[in-house]
Amino acid sequence: MNSEGRSGLDSLCQRATAAFERAFAAGPSFLVAAPGRVNLIGEHTDYNDGYVLPAAVDRHVVIAAAPRTDRQVRLHAVDFQGSSEFSLDDIRFDQRQRWSNYPRGVAWALQQAGYALTGCELCITGDVPIGAGLSSSAAIEVATAYTFQVMGELTLDGVKRALLCQKAENEFVGMRCGIMDQYIISLGKRGHALLIDCRSLEYRLVPVPAGCSLIICDTKKRRGLVDSEYNTRRRECEAGAKTLGLRALRDITPEEFQARQGVLDAVTRKRCRHVVTEDQRVLDAVQALEAGDLAQFGRLMNASHLSLRDDYEVSCPELNAMVEAAQAQRGVLGARMTGAGFGGCTVNLVLNEAAEGLQHGVARTYTKATGLVPEIYVCTAEEGVQRLA
Ligand code: GLA
């Protein structure tokens, strides 16, 4: 972790501890931190049994926690200035404190899987921007699961933890997300991205190369429409796979797809073409990184963005403006939207010597094009969820 990241986490811990003391009139027993994530390449492939290449980043959700002797869970969210409470014997969706549905859903999913939970007091805070496509909600889920795990000394490996958090989001919150976010937040490794096979749920560590920086540019356009459009894209992919007689879109090569795509209607064909070519780009990108060919990795990032913009249609004018502003700068190897789309952030691979200049240049061009003031920062690849104290 760079020094800025460490002090960021330290101050989150202080904030969580102080807020815990105010809310619950005693100190917490321990703290847990779960990072946000950035996906380098492999977008909208996870729910098609495909490949993704995300890294955990140095922005976190922190939970300060203490057990109770009864079955009540009392929650306080510093950043929403809200509190919520429920019994582990009667977990319902909360229409008013909607943030609380992530911890509620996780408690529900853990109990459904047969884990014995104890009541507790939890104070949540973080610096993962909300609605920016860096997975603040998955970070809350994984942090909550890990908190219950520590408290109840539950035997739960990283993959199982990720699957139960995904179940919470799919079945309790109602967003049919894939496994990528919960997986990387659960299992991330410092200095590495993970190549995840979303069918076998195995991963391979891929070192983030020296000599270049990962820069996140937040458009400040908050995601709209994402839940309904996301679920629609997912249905379109499932329909396409069915028409092609496949278990999932992961089961066809770009060449075979090219030959057989005529059976699909125009929209389904575009959606499927994105997924099929994106899977191939992930594998090619990992090969390029491992061969030290950063220029090729960058070209694949650029191609991924075009495919998301034109075939999958999940980009937006602000994301396109940010990508174009970056691509026009010297030293930028590749730029693309990251996450579900419809707003949020881009991810950029930039030569170290160009990183500083890029931040000013991109911000100027982007603001001129959109009137929005972006937030741009160099990020580092971090550990997944951990207990801090
Ligand atoms: C969201 C979902 C992930 C993944 C991405 C798109 O972040 O939570 O499962 O589908 O969108 O790649």
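**Student:** Is there a simple way to think about the overall build of the protein chain in this case?
**Tutor:** Check the secondary structure of the protein chain and you find 11 helices and 13 strands. Here the C-alpha radius of gyration of the protein chain, 21 Å, is about what a compact globule of 389 residues would show, namely 21 Å. Relative to its 389 residues, the protein chain shows a buried fraction of 59%. Long-range pairs, those at least 24 residues apart, make up 72% of the contacts in the protein chain with a sequence separation of at least 6. Of the accessible surface of the protein chain, which amounts to about 15,300 Å², a share of 47% is contributed by carbon and sulfur atoms.

**Student:** Any chance you could explain helix α2 (residues 101-112) here in plain terms?
**Tutor:** Two residues of an α-helix separated by three or four positions point the same way, owing to the 3.6 residues in each turn. Given a rise of 1.5 Å per residue, 12 residues ought to cover 16 Å, and the 16 Å separating the end C-alpha atoms of α2 matches this to within 8%. Most of α2 is tucked away, with 10 of its 12 residues classed as buried. Among the residues making up α2, those that are buried are N101, Y102, P103, R104, G105, V106, A107, W108, A109 and L110. Next to the buried residues of α2 lie β4 (72-77), β5 (82-87), β6 (120-126), α3 (136-152) and α4 (158-173). Backbone geometry just downstream of α2 places G114 in the positive-phi region, at approximately 95°.

**Student:** Looking at this structure, how should I read the pairing of strand β7 (residues 192-197)?
**Tutor:** Moving residue by residue along a regular strand, the side chains alternate between the two faces of the sheet. Of all 6 residues that make up β7, 5 are buried, and the element is covered over most of its length. Two strands pair when backbone bridges link them, and strand β2 (residues 51-52) and β7 are joined in this way by 2 bridges, in the antiparallel orientation. Residue Y51 lies in a different strand from β7, and its bridge partner there is D197. When β7 meets strand β8 (residues 202-207), the two strands line up antiparallel, connected through 6 bridges. Note on β8: the bridge partner recorded for L194 is L205. Taken together, β7 and the strand that follows it, β8, pair antiparallel across an intervening segment of 4 residues, in which L201 is found at a positive phi of about 65°.

**Student:** Mind showing me how you'd approach the nonpolar core here?
**Tutor:** In summary, soluble globular proteins display a tendency toward joint burial of nonpolar side chains. L53 and F297 are the most contacted members of the largest nonpolar core, which totals 86 residues. If sequence neighbours within four positions are ignored, F297 has contacts with L40, L53, A285, A288, L289 and L349. Grouped together as the second largest cluster of nonpolar side chains are 23 residues, C237, C272, V275 and F342 included.

**Student:** Explain the site of the ligand to me, please; I cannot follow it from the model alone.
**Tutor:** Inspection of the region around the ligand gives R37, E43, H44, D46, Y47, C177, G178, M180, D181, Y230, G339 and A340 as its neighbouring residues. Here an oxygen atom of the ligand sits 3.0 Å away from a polar atom, N or O, in the side chain of R37. Within the side chain of D181, a nitrogen or oxygen atom sits 2.7 Å from an oxygen atom of the ligand. In terms of residue class, the shell around the ligand is made up of 5 nonpolar, 3 polar and 4 charged.

Scoring rules and cut-offs
- Residues numbered from 1 in each chain as written.
- Predicted model: local features only at pLDDT ≥ 70, side-chain atom pairs only at ≥ 80, totals over all residues.
- Heavy atoms only, no water.
- Helix = DSSP H or I, 4+ residues; strand = E, 2+ residues; numbered from the N terminus.
- Rg over C-alpha atoms; globule rule 2.2 N^0.38 Å.
- Buried < 20%, exposed > 50% of the residue type's maximum accessible area, 1.4 Å probe, protein only.
- Contact = heavy atoms within 4.5 Å.
- Areas by Shrake-Rupley, 256 points an atom, 1.4 Å probe, with all protein chains shown as cover.
- Expected span 1.5 Å × (residues − 1).
- Pairing = 2+ DSSP bridges.
- Core = buried A, V, L, I, M, F, W, Y, C linked by side-chain atoms within 4.5 Å.
- Near = heavy atom within 4 Å.
- Polar contact = N/O pair within 3.5 Å; in protein donor to acceptor, adjacent residues only side chain to side chain.
- Nonpolar A, V, L, I, M, F, W, Y, C, P; charged D, E, K, R; others polar.

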